[in-house]
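Reading the structure
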Amino acid sequence: MNPIIALLKEHSVSEDKISEVFQALTQNPMMAMNIIGQLGIPAEKLQQLMAMVMQNPGLIKEAVLELGLDFSKVEAAKAQMQP
């Protein structure tokens, strides 16, 4: 299991909320940080989660695929945001 998903599940984050987090991470990372901040995860675990996301962006793609989200839409959204 993806370590980001595992950490979220460890803190009783629902499947729906996990999907929402990863959709936000792929479409609007700043919004995702707000969502993650509101999940009630203790500060030390929150720092660990943020470090995983920042240091290994490949984990986001891995999690998106694991959750069954459409990664092609993620790529299209990223392409539209680039100048």
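Computed from a prediction, not measured in an experiment: that's the story for all the values here. (Residues numbered from 1 in each chain as written. Predicted model: local features only at pLDDT ≥ 70, side-chain atom pairs only at ≥ 80, totals over all residues. Heavy atoms only, no water.)

Our next topic: unusual backbone geometry. Leaving glycine aside, a negative phi is the common case for residues, and trans is the common case for peptide bonds. Here S12, not a glycine, exhibits a phi torsion of approximately 60 degrees, which is positive. Of the residues examined, S12 reaches a relative accessible area of 69% and is grouped as exposed. (Buried < 20%, exposed > 50% of the residue type's maximum accessible area, 1.4 Å probe, protein only.)

Turning to the packing of helix α1 (residues 3-10) against helix α2 (residues 15-27), a few remarks are in order. Between α1 and α2, the shortest axis-to-axis distance is 10 Å and the interhelical angle comes to 140 degrees. Classified by the interaxial angle, the pair formed by α1 and α2 is oblique. At the point where α1 passes α2, the crossing takes the right-handed sense. Residues I4, I5, L8 and K9 of α1 pack against E15, I18 and F22 of α2. Partitioning the contact of α1 with α2 into residue classes produces five nonpolar, no polar and two charged. (Axes fitted to C-alpha atoms, helices over the stretch in contact; angles between N-to-C directions. Helix = DSSP H or I, 4+ residues; strand = E, 2+ residues; numbered from the N terminus. Parallel < 35°, antiparallel > 145°, perpendicular 65-115°, else oblique. Left-handed = near helix turned anticlockwise from the far one by under 90°. Contact = heavy atoms within 4.5 Å. Nonpolar A, V, L, I, M, F, W, Y, C, P; charged D, E, K, R; others polar.)

Moving on, we come to the pattern of salt bridges. Applying the stated criterion across every chain yields a total of three salt bridges. Between E20 and K17 there is a salt bridge whose closest N-O contact spans 3.4 Å. Here E20 pairs with K17, and both are found in helix α2, just three residues apart, close to one helical turn. Accessibility expressed as a relative area gives 34% for E20, which makes it partly exposed. What makes K17 partly exposed here is its relative accessible area of 30%. (Salt bridge = Lys/Arg side-chain N within 4 Å of Asp/Glu carboxyl O.)

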